[in-house]
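One letter stands for each residue in the lines below.
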Amino acid sequence: MLNEICDMLDGYTGRDKIIRTLCYTTKLASGLYAQSDPARAKKLAIFSSKMSQTRATLRLFDDLPMLAYSLSYGTGSKEPDRWMGMIGFITNLIDHAYYPVDKICWLIEHNLLNVENPTRWDTINSMLWVASIYLNLMNQAFRMLLIKQRMEAISILRLSLDLIHAGSTLPKGMLWGGRFQTWHVGLIGSVSSLLGLYQYVAKKRIVKQSS
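Residues numbered from 1 in each chain as written. Predicted model: local features only at pLDDT ≥ 70, side-chain atom pairs only at ≥ 80, totals over all residues. Heavy atoms only, no water.

The protein chain is annotated in an unreviewed UniProt entry as Peroxisomal membrane protein 11C from Anopheles christyi. UniProt annotates the protein chain under Subcellular location (unreviewed entry) with the comment "Peroxisome membrane". (UniProt positions renumbered as here; feature names shortened; annotations may be inferred.)

### Let's talk about a nonpolar patch on the surface
On the surface, a cluster of nonpolar side chains totalling about 460 Å² of accessible area is made up of Trp-83, Met-86, Phe-89, Ile-90 and Leu-93. With respect to the secondary-structure elements, Trp-83 resides in helix H5 (residues 82-109). The exposure class of Trp-83 is partly exposed, given its relative accessible area of 46%. (Patch = residues over 30% accessible without salt bridge, like charges linked within 9 Å, V, L, I, M, F, W, Y side chains within 5 Å. Areas by Shrake-Rupley, 256 points an atom, 1.4 Å probe, with all protein chains shown as cover. Salt bridge = Lys/Arg side-chain N within 4 Å of Asp/Glu carboxyl O. Helix = DSSP H or I, 4+ residues; strand = E, 2+ residues; numbered from the N terminus. Buried < 20%, exposed > 50% of the residue type's maximum accessible area, 1.4 Å probe, protein only.)

### Here we look at the domain arrangement of the protein chain
Taken domain by domain, the protein chain holds domain 1 (1-52 + 184-210) and domain 2 (61-180). Distance from the C-alpha centre of domain 1 to the C-alpha centre of domain 2: 19 Å. Summed over both sides, the interface between domain 1 and domain 2 buries roughly 1,300 Å², with carbon and sulfur atoms accounting for 71% of that surface. Here domain 1 and domain 2 share zero salt bridges between them. Summed over the shared surface of domain 1 and domain 2, the result is five residue pairs in polar contact (both at pLDDT 80 or more). Of the residues in the side of domain 1 that touches domain 2, the class split is eight nonpolar, four polar and one charged. (Domains from an automatic or database assignment. Buried area = accessible area lost by both parts, 1.4 Å probe. Polar contact = N/O pair within 3.5 Å; in protein donor to acceptor, adjacent residues only side chain to side chain. Nonpolar A, V, L, I, M, F, W, Y, C, P; charged D, E, K, R; others polar.)

### Quick notes on the environment of Met-84
Among the secondary structure elements, Met-84 is positioned in helix H5. Look at Met-84 and you get buried, because its relative accessible area is 0%. Taking the C-alpha atoms as reference, Met-84 lies 7.5 Å from Arg-143; in sequence the two are 59 residues apart. Residue contacts for Met-84: discarding those within four places in its chain leaves Tyr-73, Glu-79, Asn-139, Phe-142, Arg-143 and Leu-146. (Contact = heavy atoms within 4.5 Å.)

### Observations concerning the UniProt feature "transmembrane region" (unreviewed entry) in the protein chain
UniProt records the feature "transmembrane region" (unreviewed entry) at residues 182-201, using the numbering of this structure. End C-alpha atoms of residues 182-201 are separated by 28 Å, and the span's content is 100% helix alongside 0% strand.

### Here's the deal with the nonpolar core
One finds Met-66, Ile-87, Ile-94, Tyr-98, Tyr-99, Val-101, Cys-105, Leu-128 and Leu-135 forming the largest nonpolar core, which totals nine residues. Elements supplying a minimum of two residues to this core: H5 and helix H6 (118-168). Per element, the largest residue contribution to this core is six residues, and it comes from H5. (Core = buried A, V, L, I, M, F, W, Y, C linked by side-chain atoms within 4.5 Å.)

### A short note on the pattern of salt bridges
Inspection of every chain in the model, using the stated rule, returns six salt bridges. Across the salt bridge formed by Arg-40 and Asp-37, the nearest N and O atoms sit 3.6 Å from each other. Exposure remark for Arg-40: the relative accessible area of 41% places this residue in the partly exposed category. The closest approach of N and O atoms between Arg-158 and Asp-162, which form a salt bridge, is 3.9 Å. Taken as a pair, Arg-158 and Asp-162 lie in helix H6 at a separation of four residues, close to a single helical turn.

Pasting the structure below:
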């Protein structure tokens, strides 16, 4: 457990997840203590706010990694589906618009930039955030649908092979019983078994990626 926590803290993504968790759990606690212990609620709210500010400050350096990712992603031609590639490409464009706006909001919050309507920038920032999350959600839904379709197709093939195998064990004269040679049965069983192993490993990988 200690090694896993250290691994998370050692990288930007893991550290951001921990800071985000601290931010929202203390915000939750602040709300729960609002009536029973206002002083504690205020302290928790301050801590939550500082964690949120920390994340906002760290996001100031996300432009170049995002640019590198977008360049490697391109127009989404590597995606297994055309719609997924299009959604991914549009999402990247929205994210590139989000980061400059997020920086402007950071500058406004720290009184480093004066604008006529600060609330408008916060609204634009939130709209871009919502759009990005929505498109990522849609892309993930498409991805899972494709994975499900592929796994179901493999299941159909594997069960068909098992049916052929099972039918071959019937007495001669019933279906195709007794018509296969030993190597036929071995080949059918081997392919079915390999497909089963692939599905087992693939499902574990999907669960790990989803967690």
